[in-house]
Each structure stands twice: as structure tokens, then as C-alpha cells.
There are 2 protein chains.
Amino acid sequence: MSDDALVIFTPSGKRGRVPVGTPVLTAARKLGVDLDSVCGGRGICSKCQITPSYGEFPKHGVTVSESALSEWNAVEERYDRIRGLKEGRRLGCQAKVMGDVVIDVPPESQVHRQVIRKSATARAITMDPAVRLYYVEVQEPDMHEPTGDFQRLSAALAAQWQIEGVEADMPILRRLQPTLRKGEWKITVAVHRDHKGRARIVDFWPGFHDAPLLGLAIDLGSTTIAAHLCDLTDGRVLVSSGLMNPQIRFGEDLMSRVSYAMMNQGGDQEMTTAVRVALNGLAEAIATEAGVSPTQIVEAVFVCNPVMHHLLLGIDPVELGQAPFALATSESVSIAATDIQLTTLNPGARVYVLPCIAGHVGADAAAVALSEEPYKSEDLALIVDVGTNAEILLGNKTRVLACSSPTGPAFEGAQISSGQRAAPGAIERVEIDPANKEPRFKVIGCDLWSDDPGFAAATAATGVTGICGSGIIEAVAEMRMAGLLDPSGLIGSAELAGSPRCEPQGRTHAYLLHDGTEDGGPRILVTQGDIRAIQLAKSALYAGARLLMDEIGVDTVDRVILAGAFGAHISPKHAMVLGMIPDCPLDKVTSAGNAAGTGARIALCNVGARAGIEDQVRQIHKVETAIEPRFQEHFVAANAIPHATAPFPELEKVVTLPEVSFNVGGSGAEAGGRRRRRG
Amino acid sequence: MSDDALVIFTPSGKRGRVPVGTPVLTAARKLGVDLDSVCGGRGICSKCQITPSYGEFPKHGVTVSESALSEWNAVEERYDRIRGLKEGRRLGCQAKVMGDVVIDVPPESQVHRQVIRKSATARAITMDPAVRLYYVEVQEPDMHEPTGDFQRLSAALAAQWQIEGVEADMPILRRLQPTLRKGEWKITVAVHRDHKGRARIVDFWPGFHDAPLLGLAIDLGSTTIAAHLCDLTDGRVLVSSGLMNPQIRFGEDLMSRVSYAMMNQGGDQEMTTAVRVALNGLAEAIATEAGVSPTQIVEAVFVCNPVMHHLLLGIDPVELGQAPFALATSESVSIAATDIQLTTLNPGARVYVLPCIAGHVGADAAAVALSEEPYKSEDLALIVDVGTNAEILLGNKTRVLACSSPTGPAFEGAQISSGQRAAPGAIERVEIDPANKEPRFKVIGCDLWSDDPGFAAATAATGVTGICGSGIIEAVAEMRMAGLLDPSGLIGSAELAGSPRCEPQGRTHAYLLHDGTEDGGPRILVTQGDIRAIQLAKSALYAGARLLMDEIGVDTVDRVILAGAFGAHISPKHAMVLGMIPDCPLDKVTSAGNAAGTGARIALCNVGARAGIEDQVRQIHKVETAIEPRFQEHFVAANAIPHATAPFPELEKVVTLPEVSFNVGGSGAEAGGRRRRRG
């Protein structure tokens, strides 16, 4: 046996020679192989488990004998006895290389393991969280070398983990001495290392500690706050949860909240307090649901639009309400959770807020970009993040443009007569038979259609309570395809539309989607007001997209990605019938789900992604819809619902309503005139 | 006239050629001349005033014509009209170099001007404070380049002042937008640049602002808190003030406070709160006295012993009460004032705490080192900082040793029967005639001796209220020299000592220094207890010094520097008679006043000095008195007051008391025995 041996690691394929007797963990580090360890090779943490392979490996040109690794040792025996070691596994810090060997690093032993996302555009997140655990043994104090306990801990982190210049806030320093003594100078430290090279102690525990560190990825929307509680070790989402943004009581949309801040002394602070209280409650609730302590949450990553961003940070958003829409700060924000009174998290928890792209295009749009990566796309991709404000990105690897469009909350089921959040009991899918104009629908929480046998029994618990965002979009599109609406969006009378479900309501008509009164439930109608709200919203969305297309000089896009808290639920066909998005082959329209939330999750799990998106955001070209005259033109032009017959052959059969006019909130002449201009 | 001209600056002597038409300020910057400017050359701040010299300068080899600088311009005329410009002065940013010229930069136009200290060991402080004002003009927001206001301010600081990567906390960010708009995009920013390269915004004001920035240098002692309010522009001390440390109610000395923390749950936090409340009050009082707002205070520098250090920072000092006396943190601390609840200062104010040398040798000793610089001394210097705990430094440029000795508060007038703080009315100087044993004295606030005519009238306002630290030292030494005490420190009876002022008090005697009862004042006595307290204190001090001398292997030192809050007032002769300090030629004993406070002031005024002392502290060799058996030996041996006859010839005449013994807190045999062992 020569003095050194060949070690080949799989799956990385990294190989090299090490002296005989080298522990596998040491060999892995020397060869740059990604093998986890929290205890630094002391046989405590068991994170460095590996699987040796024996026999002939012609591909690698090596024969591995049974004695290629040292004998199973006492540490491994003890570990196996107490906690159990999978068949064939060894502890990398204990097993020594004795001869040529092939060693597999299983996924759970990799620090930078990958998490496969379940979305249509599956892309892996490489785990590289800002906060990790480090076990260290600290030199005991000595009267003849009177450095402070913190300095000796800092030296241990530098020597044992190459973490230089770690910082600690006063509350951490305060706890250090008793913790070190309790652990007899052994301590597990959670260190936050940001993408700018700073290292901070977040928390610590006496001795060896491996309760998983958790993080929150939060999409702070104007209407809803959605949070994912993630395990920072493996990226798993433990619980996803959400709640309504309590700021709604100060105004439904962004501009009404800015107005509230303008008109009321201290109004911005009221809204700041409201959202912070809600976030503390959300953190507690989500931790309870996951069966963990909220103090295990050591980092929270936020994505939000600029107004939410300012209100979260405690900055008056008043400048965002008027040209030139100046942000107080546009770059990413890295602060302590306590700086914004998020007190239910770990007391040392950090907060990272993604950068804003512009005064109207926020960190949520940046997060969508991080998730969908238009800057890496070969073809021209249009990404539409549908919310109270729509964030729109258009581009490819040459150039990316961004804008924001004030769609209002209609797409989220708000300002809709029977509207509600996406929750069990809400109608989420709608079909209307073009022949008899009768509807059928599905509600959240039940896989049956409403005309399937057993539907009533299956939904008895929740009932049919209202209609959510995706439901209203389908309802309006289906109504148009069934000939219940004319191109201008007017609902016909029972006679004109040919359905007794079209019932008069004031001077207009409403379509009865469901009558639950027999079972003590509501009558669910789609009113003329609902249609108008959806028309306004979809026109704004479409106009924003068109504006970016004008800027880039194209009439079509190669593909469309629908995103948003409920983006996964929007039917591409119905979105296109409605005219929410520009025409595009239907198979090129995909759904990315809550891409902003996913972007937040990526930034939470991979600290390097923060540097990446900060760099990209600087390069994205921003288009300000509010001052572009063409936005108004596109908006007005987009009001109609033109697609009763195109681009889908199956829609050809739809009968267009005769051109009639109704009085809607004005004189007949006005309404007629308006409609004609649109026609 | 050639295309460029020779410019010679005085007093620096820096010279070089610049293109004709170059403003003097630009020339100064190019040549590395220290010429101040807050407004960056916009003719607003007037800090860059210079004085050109005309005529022949053989020394410089140059002739300066009357047209060497450009004509007086409109900006200068306006400034002169409104605020007045001294005869011969020009504004450096307005006057342009037109020909060869000699330009003087007056002291008040230098950024790094020097402040001459008034102490015996006069040493200049070069002004280079951490916080300075910078006037900038910020680019207005633009919808087509949607960076945040903070990013544009940051860019302006980088472009106009070479301050890169400035940081701002949330409360600062919150105020930025309205301030920028109020100042029409002109803003004066107070930036804190620390010695580690970080730049932080402390405060800002719309437009041009030049109210001076102030700082506090605080010597936080166990017994007293002394603070200097300094102008950070020129280093002037506006007001010095002090108060008793309110923690005294938890224990007179350090160890009793540590015990309080050990014995009482939350006791450390009580003491932390007490001192922080007192500091807030002190900052307000000192600002009121100076006629300024406490919010002008943008930085506070603290020096203190390790226990005060931990209690200030909110860290339980319990580990400092037992071997190995481990500090929680030994390095310097740079934090926000609000991190330690100093809320009366500017909300953005910073705090810097000097590093500790060891568990018993604190930041106060580091400050004494910074002030007295033993590490630059050619000869062997002993520096004794007298307080409740004495900090002792011994060394020269080869090596410096440090220790701390628990003297107790007697030297500060505490635990003395008629003791009081140094304040008007306190006896600070004492002489006793060896012939008739009659005393005379001086009180603080009056230049007359008590036997001078007019003394009673001059002190009528304050009366004679007690005896301060320097007074009690002189009183005890004088009593010894007058033969009122024997070498063991016993006060003789009226008969033995030969003075009717020696009156019985219990089983011992007391010496009547002053009887103020006729004027309604107190009788001021020096009691046997007072003598014992002083003996304990001086023995501890002496033993510490001897320990360091042993360590370095010397029997004598070249010079002694007495420091301390009242160090300036200690008479070297009396200190040596008492045996407080090792023998040394009397002319080699100097007083440095409150050297710890001076060190704090240096660190406050010169940010570079912080890096310097941090480096020195790492190199100082620490000696731990508490575990050195020889400390006890020296302590016991130092109890006597041997110097009634030596080393000063004028003391030869003093008669030694006959060897008698008294019962002092024990049996006669014991006291006698003890005394004999000491004899």
C-alpha cells in the first residue's frame, strides 16, 4: 500500500489523492467536495454521513477493496446504537481513507443540496442559507491571557470555521458568559453570513445543538400576506399560510393607503403598526401550525410592492403617491427583525427585503424576476404577476423591462359582489353551456363539478360561499363565450341573452351563477358591476403588457407566464378570452404560481441569490405607466372583451349579442356613445 | 504669465504648481494641505478662509505680486457684508491662483487643528473626530432613473466627499425624504466614520447647517461620573461636570456591586438602569449648562473599569467577581447610543467604549495609557490612576505592564468621617506646624489659607464643609510629619502628641482640623478610622506598583505620574510621605490630572487614536493582583507610614511618637502585636 490513496467522490466526480489515514471529511474538504458538518468533525452531529462503494469501477479505473476505509470505530458504534445509522453508511469524520476508494455523498449530507420545486417550470434551489449552525470548542479563560469570552469565541469561529470578524449585538453578548459555562466551553452558534461578507451571531446554545433553523419567506401584498415557513437545512416548506393585510381598513388599494397617510397625521405609522402586529401574529400562528417555536425562526425575507415596503419599514409612503414616485431607498434592506418590531421571531433574527425596481415596481417584481429569471430566457417571455397591483416583466437574456399596473383588487375576489378569498367553499372554476346558458362550477375543497352526483353532500360542510379570483375570471370569460355578454361587457336581459338566469338588477342585469337559498346559502350572482371591475382590472393589466411590448418594439410575445398568489389557478384559456394578456399560443401560456413568494423562498434559502437579483435589478429597464400617455390609450382600447370567437376554434360557435345599449351609471346617450367608441 | 503657478502653503510648507485659475481650495486638496470645508467649495460655509502673503519671500524663492490671486468676487463680498471676513482673509474656494503665491492657512481653517492641553505634560490633540458635517447637493429623483433618495444621497457623498458605502438606520431613512425636499435637494449630513472604515449617517439638516457637533467624553467611575462636553470642531471643552454614580446604593466598591448582582435576581439590570438614567440626566444637565441642546451630542466615548463597563453595556458582571475574572468582551465596543438607552443624546448618536486590558484592568486604564503614552516613554514611568480602584501602569517604549488595585473610595473622600467630594467648601490643602501642631488649610473656591486675613469673609458663602480626597492625603501626611501619628498610623493622645487638638474618641483619638461650630459649621476631625482607611488605600496602591516593579525587576522608577479624577490635586510630596507611591526624586513626580478623562477626550476628538490604543492594549502585559501572593506581602508591608524623616531633608526635624499601642477594633494585645510586626 502506497503512502497515499485515490479518493473519488460521487455524485460530484471530484477526485484526488490524500495521505493514508486521512478522515473522509478532511479529504472532502481538501478536494472541495460538498460534505456537511456542524460539529466540525467531532463525531457529534452525524451530518457528514457517506456511503463507500466497494468492488471494480472500470469507469473510474479503480478497484476498491473491503479495507479501503478504516474499521467501524467506537464513535460510529455509539452513534448507531443511540440514533441509528443507515445500512452501508459511515460517519465521514470517523472513517479514514486506507486505500483507493469511491465514496458517495447522499443528498442529505450535502450542504448545498438542491430542492426540486414542484411548479411547471421546475427549477432547483441550491441550499445556501445565510444562517447556519456551527459547533465550536472555545478556549477557556486564563488569567494570564485575559481576552474576553467573546474574543475567544470569535477566534474559535475563525480557526474552526474560517468565519472572520464575527459581530454580536448587546443582547447576544449579555447571554454569552452563562451559555459558555453551561456548555463547558462547547457551544453551537447560529451565524448569519450575508452576501456582503458580514458575519453576525444570531443565537447560540450550550454544547451541541441541532434543532433545525427555520426561516420565513413572506410575500407582503396589499390585500393578502402569504408566508412560507421553511427549514433552512433542506429548504422544505413546513407550512404555508396567509392572512388578509389588516391595512385594508385604511384603504383597499395602494393609492388609497398613500392618501390615508397624506390626509392623516401619523396615518403611515398606524398602518406600519397594523402590518407589524399582523406579521407577529402570522409568525406565531404558522409556527404553532408546524409544531415549532417561533424563536426557531432566524431569518425572514420579504417581498412586497413599494408602498408595502415603505410601510413595513416605517417610512411614510407619501412620495410614492405623486410623480416622480421617489423611493426612500431602492436597494435591498438588511436589518434586525427587532428594528421593525418583529418580536415573536428569534430575538436575534435578521430581515432581508429584496430591492425595489422602481417607485411603482417593487421588491415583489424583483422576486418574480428571481423566480422566473427572464434575464436567462432565450425567447421573449412576458411575466404577469396578478395582484391588487400587477407587476409585469417582459424580456429575454438581452434585455428585461418592468412596469406595474394598478389592477385593483378585483382579481383577488375583492370589490366583487359575491367575491371572497380563495378558501374552501369559494367557486374557483366555472363552465357555461353555450347552448342552454346553464352553468356548472367547482368549489375549492371539492373535486366534483356542481352537476356531478354527490356534489351537495361533498360540499355540505363548507357550502358554496362565494366566488374567488380565478372563479370570477372564468365566469366572465364563460359568460362572454356563452353569449351572455356583448363585446363591451354588457350583460343581456333574459330575453336578449336567452337565459332566465339573467335577472334585472336596478337598470342593469345580473347572471345567477348559483342559488343556495334552499340550503340556507347565498345567491351567487355576477353583476354588471362585477363585470366592470374585471374589465377595469384586465384592461390595466393588458395595457401594461402592451406598453412594454411597444417599448421593445414587438406585437407578440413568445410565451406568457401567469403568476400571483392565485396565479396557479388562473385558466390560461379564460385569461386570454378575457383579454387579460396578449395573444399567444395557448400552450405557451404557463402558470408559475406565487412567483413572488417563490422568489422570496429562493432568496431565503440561497444567500448568493440575493447578490444575483440585486445585480439584475440594477439592469432592468423600468417603465413608468403613470406618465406614459400610451398606457391610457392601451387601457381604453383594452376595455372590450373581443375574444368570443378567436383565437380558439371552439369558440366560433358563440353567438354575439345584438348591439344594444343599457344605461350604466349615466345617461343612455353617454353609455351608448362610450360603447360605440369601444366597438 | 506661464500656464501654471507655484503655490506655497504655510505653516505646512507644502508646495506645488497648479494651473492658473485653480481655486485655492482645489490647490490645497491637490497638494494634500489641510484646509477645511463643509460645503465642498460652494462659498457657503466659510471654513476655508486663507490669508495670502504678498512681496518677496527669499526663503521660498518667490515673489508674490498683488495680482497673485483673482479679484475679490461677489460671493466673498456678500459673505463679508453679512458675516464679516477678517482683514486680509479670502475664501479659499473663491480666490483663484493667478500667479506664484504664498498662502497661510490659519489654525481655525485647518481640519486637523491641534488643541493644546493645559496639563503639565502638555501634549496636543490633533482634531480628527469620527463625526463631521458634509454639505452635499443631491440629484433630484427622475422617473426614468428610479433610484431611491438614499441611493442618490449616498452617491452624492461618494462623489463630493469620497465617502463610500454610507449606511443609515431606519429612523434616519424615515426622515430623509421630507428633509431633502425641504432643503431643495441640498442637505448637510453628519457622518460618523469609524476607525474600521464604516461610515454611518448620524443626522442631517435641510440646506446648509453649521451648528457645531458636540461629543461627550465620559469617565465612568465607581464613585463618580465625570463628563467633558467637547466641541468636535475644535476640541474645546465647553463644560466639565460630574455626579455621584447612583450605583453606590448597591455597594460602595466594585466587589460589593458584583456581590449585589450575584445575590439578587435582576440585580445587574437594576444597576444598569441606574447608571443609564444618571447618564441621561448628566447629558441633559451638561448641555443645559453649556446652553446647547443635548441632541447636538452626536458621540459619547466611555472609559471605565471592567465592572462599570459591563454594567453600562447591560452585561452581568458576575464573572468579574471570581477567578479567572473573564470579561464578556475585552475589545472596544462601537454601538448606537440607543443600544444602551442613552436617549437624551442625538437619536443617531454613537457610543465608543475603549477596550479593557484585563478582567481587573479596564478601559479607564487604557484611557490613561492613551493619555500618558508610557509605550512612547524613554525612561521607566509609573502611572498611578487614583480612584476607588487604582489603575497602575509601569513601562517604557520596550514594555508596558498594567494592573489594578482595590484601593476603595477613601482617596475620593468617601468612607472618611468628614469626607466629601471635591466641591467649594471642601478642605483640599493642609499644613500642620511641627512646632505647635496647629493646622492651616485651604478650601476649594478660595485662594487664601485659613490663617490669612479675610479667609472667613472669603469663605462665608460656602463655609468649610468637609475634606476632600487631596485634603485627607495631605492631612494624614502632615499629621505624620508633625509627630501626631506614629509609624503604624496611630494618633497620639493630647499628652503624647503634644496637642490639645488630639481629642479622645472612643478608645482612640481624633485630630481636630477645624471647628466651625461658632459659625454654624461642622467640626472637621481626622479620626483613627480615617487614618486606617487611608492606610488601607495607600497600601493597596503601593503594593500594586511594587508588584509591577518586581515583574520588571526594578527597585526604583524614573518618574511617577499621578492621575485620577482628583490626581491633579494630590501633592507629590504628601503622596510620598504617605507611602502611596515608591520613592522617586520629588521633581520626577508629576500630576496628569484626570488622565482617564483626558484619554476619553483624545479618543473622542481623534478617531485614529482609537485604532492606536486598541493596538497598544493588545501588547500591554497584564498582571493580576488578586492571584499574586506577593501582592498580599507588599500590601501588609506597606501599611506603615515610614517617611516622617525621609527622603526629604526638611522632614528630619519631625519627632517620632514613642511606641505606644492603642486598642483599635480588637484587644490591646492584638493591636500591639500587629503593630509590632509592621514596625
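A short tour of the structure in this document, coming up. Since we're looking at a predicted model, the values are computed, not measured. (Residues numbered from 1 in each chain as written. Chains lettered and ligands numbered in written order. Predicted model: local features only at pLDDT ≥ 70, side-chain atom pairs only at ≥ 80, totals over all residues. Heavy atoms only, no water.)

### Looking at the pairing of strand β2 (residues 15-19) of chain A
Residue and element names in this part refer to chain A.
- Here β2 shows one buried face, formed by Gly-16 and Val-18, and one open face, formed by Arg-15, Arg-17 and Pro-19.
- When strand β1 (residues 4-10) meets β2, the two strands line up antiparallel, connected through five bridges. If you follow Val-7 over to β2, its bridge partner there is Gly-16. (Buried < 20%, exposed > 50% of the residue type's maximum accessible area, 1.4 Å probe, protein only. Helix = DSSP H or I, 4+ residues; strand = E, 2+ residues; numbered from the N terminus. Pairing = 2+ DSSP bridges.)

### Details of the sheet that holds strand β25 (residues 502-505) of chain B
All names here are of chain B.
- The antiparallel open sheet is built from three strands, whose spatial order is β25-β26-β27. Across the chains shown, the open sheet's two edge strands, defined by having one partner strand only, are β25 and β27 (523-526). Each adjacent strand pair in this sheet contributes to an overall mean axis angle of 45°, direction not counted.
- One ladder, built from four bridges, connects strand β26 (residues 508-515) with β27; its direction is antiparallel. (Axes fitted to C-alpha atoms, helices over the stretch in contact; angles between N-to-C directions.)

### Let's talk about the relation of the copies chain A and chain B
- With an axial shift of 0.0 Å and an RMSD of 0.2 Å, the rotation relating chain A to chain B amounts to 180°. Such a combination of rotation and displacement between the chain copies is what one expects of a two-fold axis. Minimal C-alpha separation from the rotation axis in chain A is found for Asp-339 of chain A, amounting to 5.7 Å. (Least-squares fit on C-alpha atoms with pLDDT ≥ 70 in both.)

### Concerning the pattern of salt bridges
- Taken as a whole, this structure holds 58 salt bridges over all chains when the rule is applied.
- Salt-bridge contacts for Arg-181 of chain A lead to Glu-319 of chain B; the nearest nitrogen and oxygen are separated by 3.0 Å. Note that Arg-181 of chain A is positioned in helix α4 (residues 170-182) and Glu-319 of chain B in the loop between α7 (306-313) and β17 (333-336), a pairing that runs across two chains.
- Under the relative-accessibility criterion, Arg-181 of chain A is labelled partly exposed at 22%.
- Exposure remark for Glu-319 of chain B: the relative accessible area of 11% places this residue in the buried category.
- Measuring nitrogen to oxygen at the nearest pair gives 3.8 Å for the salt bridge that ties Asp-210 of chain B to Arg-83 of chain B. Separated by 127 residues along the polypeptide, Asp-210 of chain B in the loop between β12 (199-206) and β13 (214-220) and Arg-83 of chain B in helix α2 (residues 74-83) bring together distant segments of the chain.
- Connected through salt bridges with shared partners, the residues Asp-149, Arg-152 and Arg-181 of chain A together with Glu-319 of chain B form a single ionic network. (Salt bridge = Lys/Arg side-chain N within 4 Å of Asp/Glu carboxyl O.)

### Structural notes on the side chain of Asp-231 of chain A
Residue and element names in this part refer to chain A.
- With respect to the helices and strands, the residue Asp-231 is situated in strand β14 (residues 224-231).
- Residue Asp-231 is classed as buried on the basis of its relative accessible area, which comes to 5%.
- There is a polar contact of 2.7 Å between the side chain of Asp-231 and the backbone nitrogen of Thr-233.
- Residues in contact with Asp-231, not counting those within four places in the same chain, are Met-127, Pro-212, Leu-213, Leu-214, Arg-236 and Leu-238. (Polar contact = N/O pair within 3.5 Å; in protein donor to acceptor, adjacent residues only side chain to side chain. Contact = heavy atoms within 4.5 Å.)

### With respect to unusual backbone geometry
Residue and element names in this part refer to chain A.
- With omega at 5°, the peptide bond leading from Thr-10 into Pro-11 counts as cis.
- With respect to the element layout, Pro-11 can be found in the loop between β1 and β2.
- The linkage connecting Ala-323 with the following residue, Pro-324, adopts the cis geometry, with an omega of 5°.
- Turning to its location among the elements, Pro-324 is positioned in the loop between α7 (306-313) and β17 (333-336).
- Phi at Glu-184 is positive, roughly 50°, even though this residue is not glycine.

### Section: the interface of chain A and chain B
- In this complex, chain A contributes 42 residues to the contact, which on the side of chain B involves 42 residues.
- Between chain A and chain B the total buried area reaches about 3200 Å² when both faces are included, carbon and sulfur atoms providing 59% of it.
- If you sort the residues of chain A by the area they bury against chain B, Met-143, Met-170 and Gln-177 of chain A come out on top, with a joint share of 21%.
- At the junction of chain A and chain B, the tally comes to four salt bridges.
- For the pair chain A and chain B, the number of links is 20 residue pairs in polar contact (both at pLDDT 80 or more).
- Every element with two or more residues in the side of chain A that touches chain B is listed here: α3 (149-161), α4, α7 and β17 of chain A.
- Among the elements that line the side of chain A that touches chain B, the one with the most residues is α4 of chain A, at six residues. (Buried area = accessible area lost by both parts, 1.4 Å probe.)

### Overview of the sheet that holds strand β6 (residues 90-91) of chain B
Residue and element names in this part refer to chain B.
- Taken together, the five strands give an open sheet; going across it, the order is β2-β1-β7-β3-β6, and neighbouring strands pair in mixed fashion. Edge positions in the open sheet fall to β2 (15-19) and β6, since each of these has one partner strand only.
- Pairing analysis gives two bridges linking strand β3 (residues 49-53) to β6, with the strands arranged antiparallel. By the bridge assignment for β6, Ile-50 is matched with Arg-90.

### Focus: the packing of aromatic side chains
Residues and elements named next belong to chain A.
- Taken as a whole, this structure holds ten aromatic pairs over all chains when the rule is applied.
- Ring centres of Phe-441 and Phe-455 lie 5.9 Å apart, and the angle between their planes is 85°; this geometry places the pair in the edge-to-face category. Linking Phe-441 in strand β23 (residues 439-443) with Phe-455 in helix α9 (residues 455-458), this pair joins segments that are 14 residues apart in sequence.
- With a relative accessible area of 7%, Phe-455 lands in the buried category.
- It is Arg-440 that lies over the ring of Trp-449; its NZ or CZ is 4.3 Å from the centre.
- For Arg-610, the ring lying beneath its charged end belongs to Tyr-352, and the centroid distance is 4.7 Å. (Phe/Tyr/Trp six-rings, centres within 6.5 Å; stacked < 30°, edge-to-face > 60°. Lys NZ or Arg CZ within 6 Å of the ring centre and 35° of its normal.)

### A word on the pairing of strand β21 (residues 400-405) of chain B
Residues and elements named next belong to chain B.
- Most of β21 sits out of view: six of its six residues are buried.
- By the bridge criterion, six bridges tie strand β20 (residues 390-395) to β21 in an arrangement that is antiparallel. Among the inter-strand pairings, Leu-393 is bridged to a residue of β21, identified as Ala-402.
- Taking the residues between adjacent antiparallel strands as the criterion, β20 and β21 are bridged by four residues.
- As judged from the two bridges shared by β21 and strand β30 (residues 621-622), these two strands associate in the parallel manner.

### Description of helix α8 (residues 363-372) of chain B
Residues and elements named next belong to chain B.
- Counted residue by residue, α8 has ten buried out of ten residues, so it is predominantly covered.
- Buried residues of α8: Ala-363, Asp-364, Ala-365, Ala-366, Ala-367, Val-368, Ala-369, Leu-370, Ser-371 and Glu-372, and no others.
- Positive backbone phi, approximately 45°, marks Glu-373, located one or two places after α8.

### Re the environment of Arg-610 of chain B
Residue and element names in this part refer to chain B.
- For Arg-610, the location among the structural elements is in helix α15 (residues 607-619).
- A relative accessible area of 1% means that Arg-610 is categorised as buried.
- Sequence spacing of Arg-610 and Pro-355 is 255 residues, and the spatial spacing of their C-alpha atoms is 9.1 Å.
- Excluding its chain neighbours within four sequence positions, the residues that come into contact with Arg-610 are Ala-130, His-192, His-195, Glu-299, Val-301, Tyr-352, Ala-603 and Leu-604.

### Things to note about the environment of Gly-16 of chain A
Residue and element names in this part refer to chain A.
- Considering the arrangement of structural elements, one finds Gly-16 in strand β2.
- Residue classification places Gly-16 among the buried positions, given a relative accessible area of 14%.
- Remark: the alpha-carbon pair of Gly-16 and Ala-5, spanning eleven residues in sequence, is separated by 8.2 Å.
- If sequence neighbours within four positions are ignored, Gly-16 has contacts with Ala-5, Leu-6, Val-7 and Leu-31.

### A closer look at the nonpolar core
- If you look at the biggest cluster of nonpolar residues, it comprises 117 residues, and the most contacted ones within it are Leu-157 and Ile-201 of chain A together with Leu-216, Phe-302 and Leu-354 of chain B.
- Here this core takes eight residues from helix α6 (residues 267-290) of chain B, the largest share from any one element.
- Ignoring anything within four residues of it in the chain, the contact list for Leu-157 of chain A reads Tyr-134, Val-136, Gln-162, Ile-163, Val-166, Val-191 and Ile-201 of chain A. (Core = buried A, V, L, I, M, F, W, Y, C linked by side-chain atoms within 4.5 Å.)

### Brief notes about the packing of helix α12 (residues 528-552) of chain B against helix α16 (residues 629-637) of chain B
All names here are of chain B.
- Interaxial distance between α12 and α16 falls to 8 Å at its minimum, and their mutual angle equals 130°. Classed by the angle they form, the pair α12 and α16 counts as oblique. Crossing of α12 over α16 shows right-handed handedness. On α16, the residues that touch Leu-536, Ser-539, Ala-540, Ala-543, Gly-544, Arg-546, Leu-547 and Asp-550 of α12 are Arg-630, Phe-631, His-634 and Phe-635.
- Of the residues belonging to the contact of α12 with α16, the class tally is six nonpolar, three polar and three charged. (Parallel < 35°, antiparallel > 145°, perpendicular 65-115°, else oblique. Left-handed = near helix turned anticlockwise from the far one by under 90°. Nonpolar A, V, L, I, M, F, W, Y, C, P; charged D, E, K, R; others polar.)

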